[in-house]
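Fold and geometry: a report
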Amino acid sequence: MKEYIALFAAAAMLCGLCSCEDKPDVSEPDGDVTIAAVTEAETEPPYVELTEADFTPVKVAYSDAAGDAPVSLKTLDLSGIGFGTEMSPCKAPEVRGRRRTPEYYDEEMQRKYEEALQKLIDSPCEGFCEGVYFHAGKVFFKVNYDDLCGQHYMELFCYDPESEKCEKVLNTERTGRFNDVTFLDGDLYFAMVYDNFNDTYDTAVYRYKIASGECSELFTREGLARGDADSFRFFAAGGELIFLEGKDRYSDSPTYKVYSVDINSGGLTELLSTERCISWIKESENGFLIRFERQDGECSLLEYDRASGEFRETDTEPPLEYCTCEGIPAEVTGGDFSTPITVKTQYYTVETELTDGSIYVWEDCFSVVTTDRDRRSCMYTYDIASRECLKMTFNKFDISFVEKAGDGVLIGTREGMNDPIRVYYVLPKLGIQYLITEGDMLESSCDGDITYVLSFDTESSDSKTRADMVGYFTSERMTPDKLFIIGK
């Protein structure tokens, strides 16, 4: 590892010696004398434009550091959180006959399977976590109570790290599954799909006000085919909720409609109807962008101008949501495995030779996490002041996730598929890493200046036989264990 040594120079002060006879007469001045304070004007670093050739490559061997990481870290024990037990409606006698039972050639295996299935049908399900979201200082758990089909009884729980309370978001007697979840201006929006058990489905869209805990229904759709019910998607763009609905999406001529949602009344204003399948909708400078799925090997972009209410073709990609410098999105181009990555912030523009990777930006440097020619996970850090490109290689480790946190990054790595994920806080310019935690299953996310890492306890199904694998099969059932809050 290259060592950095700070040099401090001591300044010598030269004083003239005077004899007593030559010493001038010094007297106090009359009246008050105010000496104006001399302040040094704050200056921003000069804007620079650089290329790969301006940086000296330096290999950095990472080292483990003892003690606490130099970042604010709060740890909460969530192992006591329980979601209770519920009986899914698909276990009711009048509807469970719709389920097809597999047949085995081995009579003993068939008997064991049917016994295990009957036990499952007769027993309520203990809620297990299938997803987690972080927003507005809260943690949301998507909990499943349907261990028969996996799609007829889900609930959303909100955990408050301040009060350490975990409460149900939606209180209704009707049970269904989640279709889509998004956040806008501190509120949560989600859609539930309800099975009528007659080959039709209803969908209801809800708004949950995180600050007050109030949940209300915005609008519904009834009597839908399953494909249409599953097509509901939401996007937050420019302070506006955009709703995407697909009609007959599996037919030869499907229709996709884009609506603007009035978040107070639930009213919908249709903005676009198209037969082209939409990949995503994201905020742009003038309104929002719609990206259509590939046609003839090409993706197309359509921008909606909110001022004029019109759409126009464009080729301008939106900025990366996670790549910001002091809250301002950096402009990143390239990175498509063929075009070099260029990073532009309010302080610098740097054209690299790297053609892919995830970018994390600071005022005085930026890092690109990628793989090198030997297919090893590594991180390149471009130090603007020293003009050095520091390469930190993680050897045989696979990177599970990377999140920016303060002056460093949180990196989750594992050596093999059966090994635990180890989470480190890494200072890119020094090559120093601090172990935060490790676990078999981890989730991470950034919410403004706060980074969350949640570890789970998992119940593995490796020891089960085929006859034991009845109902809704998941390889692991997650139970929240510890929550790590990194940042301010």
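Just so it is clear, the model here is predicted, and its values are computed rather than measured.

On a plain count of helices and strands, the protein chain comes out with 3 helices and 38 strands. Residues classed as buried in the protein chain amount to 44% of the 488 residues present. A total of about 27,700 Å² of accessible surface is found on the protein chain, and carbon and sulfur atoms cover 46% of it.

This brings us to the sheet that holds strand β31 (residues 388–393). Ordered by their spatial adjacency, 5 strands build an open sheet running β2-β31-β30-β29-β28, and the pairing between neighbours is mixed. Two strands lie at the open edges of the sheet, namely β2 (56–60) and β28 (358–361), each paired on one side alone. Pairs of neighbouring strands in the sheet enclose a mean axial angle of 20°, with direction left out of account. Sheet analysis places strand β29 (residues 365–371) next to strand β30 (residues 377–383), joined by 7 bridges and oriented antiparallel. Across the sheet, V368 pairs through a bridge with Y380, a residue of β30.

This paragraph deals with the confidence of the model for the protein chain. Put simply, the protein chain has an average pLDDT of 82, and 84% of its residues get 70 or more. Counted against residues more than four places away or in other chains, residues 1–39, with its pLDDT under 50, gives 9 contacts.

The next subject is the sheet that holds strand β32 (residues 398–405). Sheets are built from strands paired through backbone hydrogen bonds, the pairs being either parallel or antiparallel. The 5 strands are arranged β3-β35-β34-β33-β32 in an open sheet whose pairing can be described as mixed. Looking at which strands have only one partner, the edges of the open sheet turn out to be β3 (63–64) and β32. When β3 meets strand β35 (residues 432–439), the two strands line up parallel, connected through 2 bridges. Paired with S63 across the two strands is I432, which belongs to β35.

We now examine the environment of G406. Mapped onto the elements of the fold, G406 is located in the loop between β32 and β33 (408–414). Taking the C-alpha atoms as reference points, G406 and W362, separated by 44 residues in sequence, lie 9.2 Å from one another.

Applying the stated criterion across every chain, the model contains 20 aromatic pairs. The interplanar angle of 25° and the centroid separation of 6.4 Å between the aromatic rings of F128 and Y472 together place this pair among those described as stacked. Of this pair, F128 sits in strand β7 (residues 128–135) while Y472 sits in the loop between β37 (450–460) and β38 (476–487); the two residues are 344 residues apart in sequence, bridging distant segments of the chain. In this structure Y472 comes out as partly exposed when scored by relative accessible area, which is 23%. Taking the centre distance of 6.4 Å and the plane angle of 75° together, the rings of F288 and F311 count as edge-to-face.

Let us now look at unusual backbone geometry. Within the chain, A136 stands out as a residue other than glycine whose phi angle is a positive 55°. Looking at the element boundaries, A136 is found in the loop between β7 and β8 (138–144). The phi dihedral of E164 falls on the positive side, at around 60°, and the residue is not glycine. We classify E164 as partly exposed; its relative accessible area is 49%.

This brings us to the pattern of salt bridges. Taken as a whole and assessed by the stated rule, the structure comprises 19 salt bridges. One salt bridge connects E108 with R111, and the closest N-O pair in it is separated by 2.4 Å. Of this pair, E108 and R111 both sit in helix α2 (residues 107–122), 3 residues apart, roughly one helical turn. For R111, a relative accessible area of 36% translates into the label partly exposed. Here E214 makes a salt bridge to K209, at a shortest N to O gap of 4.0 Å. Residue classification places E214 among the partly exposed residues on the basis of a relative accessible area of 42%. Given a relative accessible area of 29%, K209 falls into the partly exposed group. Residues joined by salt bridges that share partners form a network here, namely E108, R111 and E115.

It is worth spelling out the environment of T413 at this point. Looking at the secondary structure, you find T413 in strand β33. Residue T413 is classed as buried on the basis of its relative accessible area, which comes to 4%. Residues T413 and D398, 15 residues apart in the sequence, show an inter-C-alpha distance of 5.5 Å.

About the criteria used
- Residues numbered from 1 in each chain as written.
- Predicted model: local features only at pLDDT ≥ 70, side-chain atom pairs only at ≥ 80, totals over all residues.
- Heavy atoms only, no water.
- Helix = DSSP H or I, 4+ residues; strand = E, 2+ residues; numbered from the N terminus.
- Buried < 20%, exposed > 50% of the residue type's maximum accessible area, 1.4 Å probe, protein only.
- Areas by Shrake-Rupley, 256 points an atom, 1.4 Å probe, with all protein chains shown as cover.
- Pairing = 2+ DSSP bridges.
- Axes fitted to C-alpha atoms, helices over the stretch in contact; angles between N-to-C directions.
- pLDDT = per-residue confidence, 0-100.
- Contact = heavy atoms within 4.5 Å.
- Phe/Tyr/Trp six-rings, centres within 6.5 Å; stacked < 30°, edge-to-face > 60°.
- Salt bridge = Lys/Arg side-chain N within 4 Å of Asp/Glu carboxyl O.

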